[in-house]
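# Topology and contacts: notes
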Amino acid sequence: MQLITKRNERTKRNLRKYRKTKFNYENFISEYYVDDDGKAYISTKVSSINDIISKHSIKDYEWVNPDFIHYVEDMAYYIPVEESIVLEICGHRFSEKEQALIRRVLTQYFGLKLGDAIIDINIMKKKSMILLVFGIISILLFMLLNIINVIPTLAEIIAIGLWFFLWEYLDLRFLDGSELFTKKLEAAQLANVKIVFNEKEK
């Protein structure tokens, strides 16, 4: 019994501590990412072009190294979308030709991600419009059935359909839509990234 009491007290004490725990997110972002020029830097360390461009790529069809891009996207996740991002590639001296290749491949990758986000938003808009149209038709049918006093069960079925279409419309347009628009902003932020090279390792 005493052991249970001590455990309960410890649990309550921990919960009180966790509720009071805070983290200065804005200050961390400012110190960790944002430089003196007011731009958010993502600094990466590489030892060869294969760290950025997949070694499995063939000429003129190069693609990004998944590990590299995963690291960049993870870092970008914490940067507010209103900030401009500078992607700094450190630790290796690239020729002008290699720099041009890296810029092209990364620009294509981030551009495709933005394109995906735009396509998802367009699909969401079409689906939500269809749901809205069916919802309006359901409202009109429900009103018509009530006016002409058709079987109540049929009116109830129409009412259920009405609520379904309107609920799905609101969920898709405002909840899923908000998430998709945020993803588009994040993709656009990276699509506008500035890529710089620094052969010195930070």
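Whatever comes next refers back to the structure up there.
Please read all numbers here as calculations on a predicted model, not as lab measurements. (Residues numbered from 1 in each chain as written. Predicted model: local features only at pLDDT ≥ 70, side-chain atom pairs only at ≥ 80, totals over all residues. Heavy atoms only, no water.)

## A word on the layout of surface pockets
Here the largest pocket defines a volume of roughly 370 Å³. Taken together, 16 residues make up the lining of the largest pocket; nearest its centre are E73, K113, K183, E186 and A187. Secondary structure elements with two or more residues in the lining of the largest pocket: helix 3 (66-77), helix 4 (96-147) and helix 5 (152-191). In terms of residue class, the lining of the largest pocket is built from nine nonpolar, one polar and six charged. (1 Å grid on protein atoms, 1.4 Å probe; cavity = no way out; pocket = protein on both sides within 12 Å on 5 of 7 lines; lining within 4 Å. Points joined across faces, edges and corners; volume = space filled by probe spheres on them. Helix = DSSP H or I, 4+ residues; strand = E, 2+ residues; numbered from the N terminus. Nonpolar A, V, L, I, M, F, W, Y, C, P; charged D, E, K, R; others polar.)

## Remarks on the pairing of strand 1 (residues 40-45)
In the case of a regular strand, side chains alternate between the two sheet surfaces. Examined bridge by bridge, strand 1 and strand 2 (residues 85-90) share six bridges and lie parallel to one another. Paired with K45 across the bridge in strand 2 is C90. After leaving strand 1, the chain enters helix 3 and then returns to the sheet as strand 2, a path that is right-handed. (Pairing = 2+ DSSP bridges. Right-handed = clockwise from strand over helix to strand, strands pointing away.)

## Focus on the nonpolar core
By size, the foremost hydrophobic cluster in this structure holds 27 residues, and its most contacted members are I52, L87, I89, I102 and L106. At the level of elements, strand 1, helix 3, strand 2, helix 4 and strand 3 (194-198) are the ones that each hand at least two residues to this core. Among the elements that line this core, the one with the most residues is helix 4, at six residues. Apart from residues no more than four positions distant in its own chain, I52 is found in contact with V46, W63, V64, N65, F68, I89, F94, I102 and L106. Of all hydrophobic cores here, the second largest spans six residues; its members include I121, L131, Y169 and L180. (Core = buried A, V, L, I, M, F, W, Y, C linked by side-chain atoms within 4.5 Å. Buried < 20%, exposed > 50% of the residue type's maximum accessible area, 1.4 Å probe, protein only. Contact = heavy atoms within 4.5 Å.)

## Here's the deal with a nonpolar patch on the surface
Nonpolar side chains collect at one region of the surface, where M129, I130, V133, F134, I137, L141, L144, I147 and I148 lie side by side and expose about 840 Å² of accessible area between them. Structurally, the position occupied by I148 is in the loop between helix 4 and helix 5. (Patch = residues over 30% accessible without salt bridge, like charges linked within 9 Å, V, L, I, M, F, W, Y side chains within 5 Å. Areas by Shrake-Rupley, 256 points an atom, 1.4 Å probe, with all protein chains shown as cover. Salt bridge = Lys/Arg side-chain N within 4 Å of Asp/Glu carboxyl O.)

## Let's talk about the sheet that holds strand 1
Ordered in space as 1-2-3, the three strands form an open sheet in which the pairing is parallel. In this open sheet, the two strands that pair with only one neighbour each are strand 1 and strand 3. On average, each strand axis in the sheet is inclined to that of its neighbour by 25 degrees, with strand direction left out of account. Direction of pairing for strand 2 relative to strand 3: parallel, over a ladder of five bridges. Looking across to strand 3, one finds that C90 is bridged to N198. Here helix 3 sits on the sheet in contact with strand 1 and strand 2, set at roughly 155 degrees to strand 1. Taken strand by strand, helix 4 contacts strand 2 and strand 3, and its axis lies near 150 degrees from that of strand 3. (Axes fitted to C-alpha atoms, helices over the stretch in contact; angles between N-to-C directions.)

## Structural notes on the pairing of strand 2
With six of six residues buried, strand 2 lies mostly within the body of the structure. Side chains I85, L87 and I89 project from strand 2 onto one buried face, and the interleaved V86, E88 and C90 project onto a second face that is buried too.

## Things to note about the packing of helix 3 against helix 4
Two elements in contact, helix 3 and helix 4, have axes separated by 13 Å at closest approach and are oriented at 60 degrees. What the angle tells us is that helix 3 and helix 4 run oblique. Seen along the crossing, helix 3 lies across helix 4 with a hand that is right-handed. Contacts from F68, I69, V72 and E73 in helix 3 reach L106, Y109, F110 and K113 in helix 4. Across the contact of helix 3 with helix 4, the residue classes tally to six nonpolar, no polar and two charged. (Parallel < 35°, antiparallel > 145°, perpendicular 65-115°, else oblique. Left-handed = near helix turned anticlockwise from the far one by under 90°.)

## Some details on the packing of aromatic side chains
For the structure on display, the rule yields six aromatic pairs. Aromatic pair F94 and F197: ring centres 5.8 Å apart, planes at 65 degrees, arrangement edge-to-face. Residue F94 is found in the loop between strand 2 and helix 4, and its partner F197 is found in strand 3; the two are separated by 103 residues along the sequence. Both residues of the pair, F94 and F197, belong to the buried class. (Phe/Tyr/Trp six-rings, centres within 6.5 Å; stacked < 30°, edge-to-face > 60°.)

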